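Below are the chains, spelled out letter by letter.
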Amino acid sequence: MKQFLALIIIVVTSQVALAQPVIDTYFPGQTIVAGDLPAKKNVWAFLLAGQSNMAGRGVVEPSDTIPDPRILTINKKNEIVVAKEPLHFYEPTRTGLDCGLSFARTLLKSAPENVTILLVPTAVGGSSIHHWLQDSTWRDVRLLSNAKEKIALALKVSVFKGILWHQGESNANTAKDIEQHPARLKELASIFRKLTGDRNLPFLMGELGSFSKNPEQFQKLNQQLSEYSKTDRRSAVIETGDLGHKGDFLHFNSEAQRKMGERFANAYISKFL
């Protein structure tokens, strides 16, 4: 009888443990440094830049940590490693799922079989576009200098194929900021393209979520993304109006991040591949 009771207690305890919300349980504990890389021309690099919805605030789940030797990233030690979510590491207390791995997995389905993807994470939550342009230090990261460093490292082993940019929440608060956004996007895209050595590098921008408590302002900024894209034939805007938030009316949830990654990839495939 005592043995039977002990078994019941173990089973019940396990069920309770499984019911707990997964926040960082599946963060990868092992770093796999990339070995011999393919020829430089076969390693496609993509810059991930912007603020928190590019840095990622979603819950990381087991499927997000399954490694693929054809998807690489740069870690906080500036090592080229096999990519696992979370990719961004600049804000340790806020780290979460972004759209990078979903983007790479989707793109690989249409890329040549000899291609490897290198994701270059540089996004920092709360950063405004003018912080990037001014190379400001934000949350202990000097934004543009850090991106320049990571780009230079990536260029040693890869060729850049695109920029994934999600930012704007911090610039949607005033009419002046919204009005200036297209000009700032033009300047920033030019800087990134110069740093990567490709003045025609595709520049993909994600819309702000439709779930904001200030939807009118977010929609106005989204319209500015579209206005800028009309002037830049090597750009595209990713729609996000149907994607959900994580409960804070600001950050995309995990499902939304994965879908956004797929949309970034599909836009790239249809327009630039």
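Now for a quick tour of the structure. The structure presented is a predicted model; accordingly, all values stated were derived computationally and were not measured.

Applying the stated rule across the entire model yields one cavity of 30 Å³ or more. Of the voids in this model, the largest cavity is the one considered here, and its volume is about 40 Å³. A55, R57, H88, F89, Y90, E91, R94, T95, G96 and A123 together form the lining of the largest cavity.

Under the definition given, this model contains 11 salt bridges. E61 serves as the salt-bridge partner of R258, at 3.3 Å between the closest nitrogen and oxygen. Taken as a pair, R258 in helix 8 (residues 254–272) and E61 in the loop between helix 2 (52–55) and strand 2 (71–74) lie far apart in primary sequence, 197 residues in all. Linking R193 and D232 is a salt bridge whose minimum nitrogen-to-oxygen distance equals 3.0 Å.

Here helix 7 (residues 215–231) spans 25 Å end to end across 17 residues, near enough to the 24 Å set by a 1.5 Å rise per residue. Buried residues of helix 7: Q217, F218, L221, N222, Q224, L225, Y228 and S229, and no others. End-on, the buried residues of helix 7 take up no more than an arc of 150°, which puts them together on one face. For helix 7, the exposed residues lying more than 90 degrees away from the buried face are E216, K230 and T231. Against helix 6 (175–196), strand 8 (203–206) and strand 9 (235–238) lie the buried residues of helix 7.

So, on to the packing of aromatic side chains. To describe a pair of aromatic rings, you give the distance between the ring centres and the angle between the ring planes. On inspection of all chains with the given rule, the structure shows nine aromatic pairs. Ring geometry for Y268 against F272: centres 5.9 Å apart, planes inclined by 50°, an arrangement best described as tilted. Taken together, the residues Y268 and F272, both in helix 8 and four residues apart, mark about one turn of the helix. You can call Y268 buried: its relative accessible area is 4%. Residue class for F272 comes out buried when judged on its relative accessible area of 13%. The structure contains a cluster of three or more aromatic residues connected by ring pairs, namely F46, F103, Y268 and F272. Just above the ring of W44 sits the side chain of K161; from NZ or CZ to the centre is 5.2 Å.

So, about the side chain of T73. Its place among the elements puts T73 in strand 2. T73 gets classed as buried once you look at its relative accessible area, which sits at 5%. Within polar-contact distance, the side chain of T73 engages the backbone oxygen of L119 at 2.9 Å. Leave out the neighbours within four places in its chain, and T73 touches E79, I80, V81, A83, L87, L118, L119 and P121.

Looking along the chain, the bond that leaves E85 and enters P86 is cis, with omega of 0°. Here P86 lies in the loop between strand 3 (80–82) and helix 3 (100–108). Even without being glycine, D135 reaches a positive phi, approximately 55°. For D135, a relative accessible area of 16% gives the class buried. For F249, which is not glycine, the phi torsion reads 60° and is therefore positive.

The subject of this paragraph is the sheet that holds strand 8. Read across the sheet, seven strands follow the order 3-2-4-1-7-8-9 without closing on themselves; strand pairing throughout is mixed. Unpaired on one side and paired on the other, strand 3 and strand 9 mark the two borders of the sheet. Ignoring strand direction, the axes of neighbouring strands in this sheet form an average angle of 25°. Across three bridges, strand 7 (residues 159–166) lies against strand 8 in parallel orientation. Paired with I163 across the strands is F203, a residue of strand 8. Where helix 7 meets the sheet, it contacts strand 8 and strand 9, and its direction lies at approximately 155° from that of strand 9. Strand contacts of helix 8: strand 1 (43–50), strand 7, strand 8 and strand 9, with the helix running at about 150° to strand 9, the strand carrying the most contacts.

Quick notes on the rules
- Residues numbered from 1 in each chain as written.
- Predicted model: local features only at pLDDT ≥ 70, side-chain atom pairs only at ≥ 80, totals over all residues.
- Heavy atoms only, no water.
- 1 Å grid on protein atoms, 1.4 Å probe; cavity = no way out; pocket = protein on both sides within 12 Å on 5 of 7 lines; lining within 4 Å.
- Points joined across faces, edges and corners; volume = space filled by probe spheres on them.
- Salt bridge = Lys/Arg side-chain N within 4 Å of Asp/Glu carboxyl O.
- Helix = DSSP H or I, 4+ residues; strand = E, 2+ residues; numbered from the N terminus.
- Expected span 1.5 Å × (residues − 1).
- Buried < 20%, exposed > 50% of the residue type's maximum accessible area, 1.4 Å probe, protein only.
- Arc of directions from axis to C-beta.
- Contact = heavy atoms within 4.5 Å.
- Phe/Tyr/Trp six-rings, centres within 6.5 Å; stacked < 30°, edge-to-face > 60°.
- Lys NZ or Arg CZ within 6 Å of the ring centre and 35° of its normal.
- Polar contact = N/O pair within 3.5 Å; in protein donor to acceptor, adjacent residues only side chain to side chain.
- Pairing = 2+ DSSP bridges.
- Axes fitted to C-alpha atoms, helices over the stretch in contact; angles between N-to-C directions.

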